[in-house]
Amino acid sequence: MTYVNGETLILTVLQGVTGFSVSNTSRGKWGILNSGRDNNYGIIKPGSFEREQSAISANMTTYQTIIQVWNRYKDDGTTLTDLEALVDSIIARFDARRKGLDTSGTIEDMFITSGREVEEMWNKSGGLSWLKQDLVVTWMEESTITYVE
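Residues numbered from 1 in each chain as written. Predicted model: local features only at pLDDT ≥ 70, side-chain atom pairs only at ≥ 80, totals over all residues. Heavy atoms only, no water.

K.L.:
What am I meant to see in the overall build of the protein here?
P.N.:
Helix and strand counts for the protein stand at 2 helices and 6 strands. Each helix and strand of the protein, placed in order from N terminus to C terminus, yields the pattern α-β-β-β-α-β-β-β. Looking at the 149 residues of the protein, the share that counts as buried comes to 38%. For the protein, the proportion of contacts with a sequence separation of at least 24, taken over those separated by at least 6, is 58%. By element, 51% of the accessible surface of the protein is carried by carbon and sulfur atoms, the whole surface being about 8200 Å². Distance between charge centroids for the protein: 7 Å, based on 14 positive and 20 negative side chains. (Helix = DSSP H or I, 4+ residues; strand = E, 2+ residues; numbered from the N terminus. Buried < 20%, exposed > 50% of the residue type's maximum accessible area, 1.4 Å probe, protein only. Contact = heavy atoms within 4.5 Å. Areas by Shrake-Rupley, 256 points an atom, 1.4 Å probe, with all protein chains shown as cover. Lys, Arg positive; Asp, Glu negative; His and termini not counted. Charge placed at Lys NZ, Arg CZ, Asp CG, Glu CD.)

K.L.:
Where do I start with the side chain of Thr79 in this structure?
P.N.:
Assignment of secondary structure puts Thr79 in helix α2 (residues 78-95). Judged by relative accessible area, which is 1%, Thr79 ranks as buried. The residues touching Thr79, leaving out its near neighbours within four places in the chain, are Asn71, Arg72, Tyr73, Lys74 and Leu131.

K.L.:
In this structure, what is going on with the pairing of strand β5 (residues 119-122)? I would like to understand it.
P.N.:
Walk down a regular strand and you will see the side chains alternate between the two sheet faces. Sheet topology note: the β5/strand β6 (residues 128-144) ladder contains 4 bridges and is antiparallel. Bridging from a neighbouring strand, Trp122 pairs with Leu128 of β6. Connecting the antiparallel pair β5 and β6 is a turn made up of 5 residues, with Gly126 showing a positive phi of about 95°. (Pairing = 2+ DSSP bridges.)

K.L.:
Explain the pattern of salt bridges to me, please; I cannot follow it from the model alone.
P.N.:
Oppositely charged side chains may form a pair once their charged atoms are brought near each other. Considering all chains together, one arrives at 6 salt bridges under this definition. Of the charged contacts, one joins Arg27 and Glu7 as a salt bridge, the two residues approaching to 2.8 Å between their closest N and O atoms. Within this pair, whereas Arg27 is found in strand β1 (residues 25-27), its partner Glu7 is found in helix α1 (residues 3-15), the two being separated by 20 residues in sequence. For Arg27, a relative accessible area of 32% puts it in the partly exposed group. In this structure, Arg116 and Asp134 form a salt bridge, with 3.9 Å as the shortest nitrogen-oxygen distance. (Salt bridge = Lys/Arg side-chain N within 4 Å of Asp/Glu carboxyl O.)

K.L.:
Just checking my understanding: could you explain the packing of α1 against α2 for this structure?
P.N.:
Two measures define how a pair of helices packs: the angle their axes make with one another and the distance between the axes. One way to put it is that α1 packs onto α2 with a least axis distance of 9 Å and a crossing angle of 120°. With respect to their mutual orientation, α1 and α2 come out oblique. With respect to the hand of their crossing, α1 and α2 are arranged in right-handed fashion. On α2, the residues that touch Ile10, Val13 and Leu14 of α1 are Ile90, Arg93 and Phe94. Residues belonging to the contact of α1 with α2 are distributed by class as follows: 5 nonpolar, no polar and 1 charged. (Axes fitted to C-alpha atoms, helices over the stretch in contact; angles between N-to-C directions. Parallel < 35°, antiparallel > 145°, perpendicular 65-115°, else oblique. Left-handed = near helix turned anticlockwise from the far one by under 90°. Nonpolar A, V, L, I, M, F, W, Y, C, P; charged D, E, K, R; others polar.)

Right under this line is the structure:
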């Protein structure tokens, strides 16, 4: 498996959350925010990674992938509570899918390990447009090494 394949699995799990679909989620495409079709969006982007040798011929890589959860600003009351409900739904779906729908057997675990503080996203004229929260998905993959020397 590659990082891109793992990120694709994360996107697939996200698209299964109520309120998300292929039309309001993407991998690194922020232009969907300007489509105006939906009040919420999920955008996946790469985070950090660490590698370690887990055996003579295997490596364990721990990746972090960021899910940016965007909710269009409507008013001071419901916009934040709507965002919080979206985040809770995403966490619940990932909690129930700790292998991230992986069928290859290489993902050891996939878990939302943290959420960053909610950010207010303003438009050019100074008005509040979005609330956004980043969720950190940490996932581990073991890979076998084929030596060539």
